[in-house]
Amino acid sequence: MKRRLLFISPEIPCPPVSGGRLRTLSLLRWLACDFEIHGVTFAEGRPAEESLEMLRPYLTKITVLPLQPHRKTKLQRYARNAMRVLRFVPPLVDRFAEPLARRQLARLLGNQADWVWLEHLWLAPYVESIPPSATKVLDVHNVESDFYHQLGQSAPSPFERLGYRVFERAAAKIERRYLASFDRILAVSPEDRDLLAQSCPPHKICIVPNAVGLGPPPVDNGFPGHALYFAGTLEYAPNRTAVTWFYRQVWPQVQNSLRDVRWTIVGAHPELLDSTIRRDPNIILAGQVERAEPYLRTCQLALVPLTIGGGTRFKILEAWTAGKAAVSTSQGAKGLACQHGDNIWIANSSQEFRDAVLRVLGDRHLQARLGRRGWETVRDHYSLEQLAFRLETALSVAPQN
């Protein structure tokens, strides 16, 4: 008989168009083998029926908790975050603790599931409502306090730096207060594990890395030209910052050297990008797509110019499983088994990034070698089979207090 699991996610993970959704959906696929899962998520209104249908093979029941509509204009976001600064609450913790949703979730938590699984630190305060008899798991996609620390260091204005500093301290307070109450904390990398160990007993932290489905071994597909690729929802500030930095600091020099170069950007909310990027005739804004593989397949090089971020990058894993070469900053490659010149090319300054892009685009043998070694890295460390093994190991460890 399968154990009962109450799985609570801040958002419905379908369609899997972001790194967070990809991780959540991958976990559900494997958990469904051993658990009878009641999935709980939050949404403004009723999610699309197609999204719910994608989840039904893994869930015996789905509950959608209501959220108040939030406008997403820049002014509205600033206003919400200003109120959060005044209340010493990091973003999204309050979003998923709205009174109506909180009352409904409290009733669900009292239904005596064998296991209760929470996704993201934003839901961690609910651990106080979980019955003592249930095994409690928190999947930490990234370390929120460290994420806001990075944002504060790079913020252009003193007001933004102050706000991020408040969010950093507020997130750290939540980490210190609630993490130790869980039986398992799942981290995506050794780096995140070490950060979390500052707030939680290390023996409770298990590394369950992000994973992707492994494609066939790479072959030279013969696509000509100089095509660049970037993937990531543009509602996420670090992605917008990365695109803007590359466009301003690297793109002009690359265009001057390669007249036929094209750059495809895949991700929701391209309207949030600067108008000069949106009007560039050599940039293709694909928006949110159900499958990124067709866009990735026809490119020669995946770009990961991130300077901020937590967890590990699905951008790199997806490029690797497609057998594509990738150029990344050190921050973008953080937490993954990356080796410069072997399975990825690391470049940090604008000059280094420009030189790296031109070098890889100009050397088909280097492209092929980086792509092949990246594919082998997924096979050895980040395949769904590896995820299943890591997850089984993490969940079989006896809880310790």
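Before going into details, it helps to say that this report is about the structure given with it. If you're wondering where the values come from, they're calculated on a predicted model, not measured in any experiment. (Residues numbered from 1 in each chain as written. Predicted model: local features only at pLDDT ≥ 70, side-chain atom pairs only at ≥ 80, totals over all residues. Heavy atoms only, no water.)

So, about the pattern of salt bridges. Summed over all chains, the structure comprises 21 salt bridges. Between Glu-98 and Arg-95 there is a salt bridge; the shortest N-O distance is 2.7 Å. Just as Glu-98 is buried, Arg-95 falls in that class too. Measuring nitrogen to oxygen at the nearest pair gives 3.8 Å for the salt bridge that ties Asp-183 to Lys-136. Of this pair, Asp-183 sits in the loop between α6 (158–178) and β6 (184–187) while Lys-136 sits in strand β5 (residues 135–139), and the two are 47 residues apart along the sequence. Residues participating in the shared-partner salt-bridge network are Arg-46, Glu-49, Glu-53 and Arg-56. (Salt bridge = Lys/Arg side-chain N within 4 Å of Asp/Glu carboxyl O. Buried < 20%, exposed > 50% of the residue type's maximum accessible area, 1.4 Å probe, protein only. Helix = DSSP H or I, 4+ residues; strand = E, 2+ residues; numbered from the N terminus.)

Take the sheet that holds strand β7 (residues 205–207) next. The pairing of strands in a sheet happens through backbone hydrogen bonds and is either parallel or antiparallel. The sheet built from seven strands is open, its strands ordered β3-β2-β1-β4-β5-β6-β7 with parallel pairing. Both edges of this open sheet fall to β3 (61–66) and β7, since each of them pairs with a single strand only. Across the sheet, the axes of successive neighbouring strands diverge by a mean angle of 20°, strand direction being ignored. Inspection of the sheet shows β5 paired to β6 by three bridges, in the parallel sense. Pairing of Val-137 across the sheet is with Arg-184, part of β6. Strands in contact with helix α15 (residues 384–396) are β2 (35–43), β4 (115–119), β6 and β7; relative to β6, the strand with the most contacts, it is inclined by about 155°. (Pairing = 2+ DSSP bridges. Axes fitted to C-alpha atoms, helices over the stretch in contact; angles between N-to-C directions. Contact = heavy atoms within 4.5 Å.)

Now for the packing of helix α5 (residues 144–154) against α6. Running from N to C, α5 and α6 cross one another at 170°; their axes reach a closest spacing of 8 Å. As far as their axial angle goes, α6 and α5 are roughly antiparallel. Packed against α5, whose contacting residues are Glu-144, Ser-145, Tyr-148, His-149, Leu-151 and Gly-152, the element α6 presents Arg-161, Tyr-164, Phe-167, Glu-168, Ala-171, Ala-172 and Glu-175 at the interface. Residue classes in the contact of α5 with α6 are distributed as six nonpolar, three polar and four charged. (Parallel < 35°, antiparallel > 145°, perpendicular 65-115°, else oblique. Nonpolar A, V, L, I, M, F, W, Y, C, P; charged D, E, K, R; others polar.)

This paragraph deals with the side chain of Gln-255. Secondary-structure assignment places Gln-255 in helix α9 (residues 251–257). In this view, Gln-255 contacts Val-261, Asp-280 and Asn-282; residues no more than four positions away in its chain are not counted.

With that out of the way, let us pick up unusual backbone geometry. The peptide bond linking Cys-14 to Pro-15 adopts the cis configuration, its omega dihedral lying at 0°. Here Pro-15 lies in the loop between β1 (3–8) and α1 (19–31). Phi at His-120 is positive, roughly 80°, even though this residue is not glycine. Following the sequence through the fold, His-120 ends up in the loop between β4 and β5. Residue His-120 is classed as buried on the basis of its relative accessible area, which comes to 10%. The backbone of His-269 sits at a positive phi, close to 65°, despite the residue not being glycine. Relative to the assigned elements, His-269 resides in the loop between β9 (262–266) and α10 (275–279). Looking at His-269, the relative accessible area reads 28%, which means it is partly exposed.

All chains considered together, the criterion is met by zero disulfides. Between Cys-200, a cysteine without a disulfide, and Cys-206, which holds the nearest cysteine sulfur, the sulfur-to-sulfur distance is 9.9 Å. Overall, Cys-200 belongs to the buried group, its relative accessible area being 4%. (Disulfide = S-S within 2.5 Å.)

A word on the packing of aromatic side chains. Evaluated as defined, the whole model comprises 13 aromatic pairs. Between Trp-251 and Trp-263 the ring centres are 5.5 Å apart and the planes differ by 50°, which places this aromatic pair in the tilted class. Highlighted residues: Trp-251 in helix α9 and Trp-263 in strand β9, separated in sequence by 12 residues. The pair Trp-251 / Trp-263 is uniform in exposure class, with both members buried. Grouped by ring-pair contacts, the aromatic residues Phe-147, Tyr-148, Tyr-164, Phe-167 and Tyr-236 constitute a single cluster. (Phe/Tyr/Trp six-rings, centres within 6.5 Å; stacked < 30°, edge-to-face > 60°.)

Taking 1.5 Å as the rise per residue, helix α13 (residues 350–361) with 12 residues should run 16 Å; its terminal C-alpha atoms sit 16 Å apart, in good agreement. Within α13, burial applies to Phe-353, Ala-356, Val-357, Val-360 and Leu-361. Summarising the axial view, the buried residues of α13 lie within an arc of 115°, below the 170-degree limit, and thus occupy one face. (Expected span 1.5 Å × (residues − 1). Arc of directions from axis to C-beta.)

Taken together, six strands build an open sheet; the order of strands is β10-β9-β8-β11-β12-β13 and the sheet is parallel. Of all the strands in the sheet, just β10 (283–287) and β13 (345–346) have a single pairing partner and so form its edges. With two bridges connecting them, strand β8 (residues 227–231) and strand β11 (residues 301–304) associate as parallel partners. In the strand pairing of β11, Leu-228 is matched with Leu-301. The strands touched by α13 within the sheet are β8, β11, β12 (325–328) and β13, with β11 carrying the most contacts at an inclination of about 165°.

We now examine the layout of surface pockets. Size it by volume and the second largest pocket reaches roughly 360 Å³. Val-93, Pro-125, Ile-174, Arg-177 and Tyr-178 are, among the 18 residues lining the second largest pocket, the residues nearest its centre. Going through the elements one at a time, α4 (99–109) and α6 are the ones with two or more residues in the lining of the second largest pocket. Element by element, the count of residues in the lining of the second largest pocket is highest for α6, at five residues. Its residues placed into classes, the lining of the second largest pocket shows 13 nonpolar, one polar and four charged. (1 Å grid on protein atoms, 1.4 Å probe; cavity = no way out; pocket = protein on both sides within 12 Å on 5 of 7 lines; lining within 4 Å. Points joined across faces, edges and corners; volume = space filled by probe spheres on them.)

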